[in-house]
Amino acid sequence: MESIAREVKGSFHWYPVQKTFSIVSARDTLKFAVGIPYMARNGRTSQLTQAPQLHSGHIWIAEDDAKKITTKPVASEPVPVKTAEPTKPAAPIAAKVDPKADTKPATPVIVKPKPPKAEIAGSREVRTIVIDPGHGGKDPGASGKRAQEKDIVLAVAKLLRKNLADEGFNVKLTRSKDVFIELGQRANLANQWDGDLFISLHCNAIDATEERKRIIQGYQFYVLRAPESEEDKAIARRENAVATLYGEKNAKDELSPLEWFKLEARLEQYKQTSYLFTEKLLDSFEGGKIKKMNTGVGGAGFMVLVGAMMPAVLIELGFISNEEDEAYMMSKVGQQDLADRIAEAVSKYKDAVHSYRETLGRD
Ligand SMILES: [Zn+2]
């Protein structure tokens, strides 16, 4: 890709967190994402023969695709899609939370998009926290030997609400009782409340032998990112299953590559701050009763996060299929401890956003 950039006399920009890259020349702005077989040329999306791949420290694409890029735009066959992808060159990473960034939504999930504001969520002061206790009502979520996911996450959400309210945050819950809410509706609510941070609470589970259930435990934090492992894909499918199960509109359990690609442009605005929050979560969950699973951070296509126009993180508190994790998540002490740790992360996140704003000279 670097040599293609030189050939078209363009500059090459690589965004390691998002795993996206762009080539900006006098003629074109081309955007790509590793692992996704599409590119956008000046905002128009077209298919690639193969997804760009990372290999030996470089990004490689198929020869046919390379030819498309180095020839005139007419040679490409644009897929007719209505997106609001910005055509200007992407800002460098340090300026990712630039409030002047394009705030137009590029997703069909939102029913009533708000008009662009002067400062978007993620770059303005952190005030409104939307807590989303997963599942509810006819959808119990995952079940353990004694508990159901929907009850645990609601209990933690209520404790978290109290903690955050005591610290002066404006706190909203997508549900405060045992009721069913569609996945798409949860993000819509968060957008209506003009949230600054969306936290979806869940419990993980595996369907496996008793021995595996004893071994597999731990918490994990998820952001919207093209999944890199089969495990992450499976977790998203499980959390998304409710939408297809109950006939939700636009329901699906996985995003198509094209949908991923179209999401990228919008996600860029919130991805850095979503990761910033997961960093704070990793710090505050350190040393707790429930252990970290793998690296503690994963990415997949969680439908509940797709429509949120703000930094958004899905927390798997622990494995309900593991007796130890389940007992802790069911206990009053455990629930309070989890709420305390999340609240601490929210406060640290707020401080981090605040000091970033100070470096930009904002009040
Ligand atoms: Zn869940």
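Residues numbered from 1 in each chain as written. Predicted model: local features only at pLDDT ≥ 70, side-chain atom pairs only at ≥ 80, totals over all residues.

1. Observations regarding the overall build of the protein
Then step 1. Looking only at helices and strands, the protein features ten helices and 13 strands.
Then step 2. Burial status across the protein gives 45% buried among its 363 residues.
Then step 3. Nonlocal contacts in the protein, meaning residues at least 24 apart in sequence, comprise 72% of its contacts between residues at least 6 apart. (Helix = DSSP H or I, 4+ residues; strand = E, 2+ residues; numbered from the N terminus. Buried ≥ 20, exposed ≤ 12 C-beta atoms within 10 Å, placed from the backbone. Contact = placed C-beta atoms within 7 Å.)

2. With respect to the sheet that holds strand β12 (residues 292–300)
Then step 1. Pairing within the open sheet is mixed, and its six strands lie in the order β9-β8-β10-β13-β11-β12. The open sheet has two free edges, formed respectively by β9 (170–173) and β12, since each of these has just one partner strand. In this sheet, adjacent strand axes meet at a mean angle of 20° when their direction is disregarded.
Then step 2. Here strand β10 (residues 197–204) pairs with strand β13 (residues 312–319) via six bridges, running parallel. Among the inter-strand pairings, Ser200 is bridged to a residue of β13, identified as Leu314.
Then step 3. Contacting β10 and β13, helix α9 (residues 323–330) crosses the sheet at an angle of about 115° to β13. (Pairing = 2+ DSSP bridges. Axes fitted to C-alpha atoms, helices over the stretch in contact; angles between N-to-C directions.)

3. Comments concerning the nonpolar core
Then step 1. Ranked by size, the top nonpolar core spans 86 residues in total, and within it Ile129, Val156, Leu197, Ile199, Phe302, Met310 and Val313 carry the most contacts.
Then step 2. No other element matches helix α7 (residues 257–285), which puts nine residues into this core.
Then step 3. Of the domains in this structure, domain 1 (2–75) and domain 2 (93–359) are the two that each give at least three residues to this core.
Then step 4. The residues contacting Leu197, other than those within four sequence positions of it, are Val126, Ile129, Val130, Phe277, Met310, Pro311, Val346 and Tyr349. (Core = buried A, V, L, I, M, F, W, Y, C linked by C-beta atoms within 7 Å. Domains from an automatic or database assignment.)

4. Concerning the environment of Tyr222
Then step 1. For Tyr222, the location among the structural elements is in strand β11 (residues 219–224).
Then step 2. Expressed as a C-alpha distance, the spacing of Tyr222 and Ala312, which sit 90 residues apart in the sequence, is 8.8 Å.
Then step 3. If we ignore the near neighbours within four places in the chain, the residues touching Tyr222 are Gly298, Gly299, Ala300, Phe302, Val313, Leu314 and Glu316.

5. Focus on helix α2 (residues 63–70)
Then step 1. Of all the positions in α2, only Asp65, Lys68 and Ile69 are classed as buried. With its buried residues spanning 95° around the axis, α2 presents them on a single face. Opposite its buried face, α2 presents the exposed residues Glu63, Asp64, Lys67 and Thr70, each directed more than 90 degrees away.
Then step 2. Where α2 is buried, its residues touch α1 (2–7) and β3 (29–33). (Arc of directions from axis to C-beta.)

6. Quick notes on the sheet that holds strand β1 (residues 11–15)
Then step 1. Pairing within the open sheet is antiparallel, and its five strands lie in the order β1-β2-β3-β4-β5. Strands with a single pairing partner mark the edges of an open sheet, and in this sheet they are β1 and β5 (44–47). Across this sheet, the average inter-strand angle for adjacent strands is 20°, counted without regard to direction.
Then step 2. When strand β4 (residues 36–41) meets β5, the two strands line up antiparallel, connected through four bridges. Paired with Arg41 across the bridge in β5 is Arg44.

7. So, the environment of Ser331
Then step 1. For Ser331, the position within the fold is in the loop between α9 and α10 (332–359).
Then step 2. On the basis of neighbour count, Ser331 is assigned to the exposed category, with 12 C-beta atoms found within 10 Å.
Then step 3. For the pair Ser331 and Ile152, spaced 179 residues apart in sequence, the C-alpha to C-alpha distance is 9.2 Å.

8. Some details on the packing of helix α3 (residues 149–166) against α10
Then step 1. The contact between α3 and α10 brings their axes to 8 Å, and the two run at 45°. Relative to α10, the element α3 is oriented oblique. At the point where α3 passes α10, the crossing takes the right-handed sense. Two secondary-structure elements touch here, α3 through Ala155, Val156, Leu159, Leu160, Asn163 and Leu164 and α10 through Gln335, Gln336, Leu338, Ala339, Asp340, Ile342, Ala343 and Val346.
Then step 2. Looking at the contact of α3 with α10 residue by residue, the class counts come to ten nonpolar, three polar and one charged. (Parallel < 35°, antiparallel > 145°, perpendicular 65-115°, else oblique. Left-handed = near helix turned anticlockwise from the far one by under 90°. Nonpolar A, V, L, I, M, F, W, Y, C, P; charged D, E, K, R; others polar.)

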